[in-house]
Amino acid sequence: MQLLASIDGGEFFTTGDVIDDTTAGFGWYDDNGAESVDTGLRITIGEQKDGVYTVTVETK
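Nothing here was measured: the structure is a model prediction, and the numbers come from that model.

## A look at the side chain of D20
Thinking step 1. Tracing the backbone shows D20 in the loop between β3 (18-19) and β4 (28-29).
Thinking step 2. With no salt bridge to any partner, buried D20 finds its closest opposite charge in K60, at an N-O distance of 4.5 Å.
Thinking step 3. In this structure the side chain of D20 is engaged in a polar contact, spanning 2.5 Å, whose partner is the side chain of T22.
Thinking step 4. Residue contacts for D20: discarding those within four places in its chain leaves F26, L41, R42 and K60.

Structural data, given as structure tokens:
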């Protein structure tokens, strides 16, 4: 899995970052095309070891 903040110019997420509905580009779109629907998920980027990150996906 590669988590990339493409809306922010292609920056990668890193240790300590939390991705949820408050993260630009992660919300779902409503019938009007607005990014306003909460996914109900939270992704936390954990520690890196040997080039691999621990990623936790949980419901809020």
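## A few points about the pattern of salt bridges
Thinking step 1. If you walk through the whole model with that rule in mind, you get three salt bridges.
Thinking step 2. Between D38 and K60 there is a salt bridge whose closest N-O contact spans 3.2 Å. Pair noted here: D38 is in the loop between β5 (35-37) and β6 (41-49) and K60 is in the segment after β7 (52-59), with a separation of 22 residues, a long-range link.
Thinking step 3. When its relative accessible area of 37% is taken as the criterion, D38 is described as partly exposed.
Thinking step 4. Judged by its relative accessible area of 44%, K60 is partly exposed.
Thinking step 5. Of the charged contacts in the structure, one is a salt bridge between E58 and R42, with a shortest N-O distance of 3.5 Å. Here R42 lies in strand β6 and E58 lies in strand β7, a separation of 16 residues in the sequence.

Reading the values: the criteria
- Residues numbered from 1 in each chain as written.
- Predicted model: local features only at pLDDT ≥ 70, side-chain atom pairs only at ≥ 80, totals over all residues.
- Heavy atoms only, no water.
- Helix = DSSP H or I, 4+ residues; strand = E, 2+ residues; numbered from the N terminus.
- Buried < 20%, exposed > 50% of the residue type's maximum accessible area, 1.4 Å probe, protein only.
- Lys, Arg positive; Asp, Glu negative; His and termini not counted.
- Salt bridge = Lys/Arg side-chain N within 4 Å of Asp/Glu carboxyl O.
- Polar contact = N/O pair within 3.5 Å; in protein donor to acceptor, adjacent residues only side chain to side chain.
- Contact = heavy atoms within 4.5 Å.

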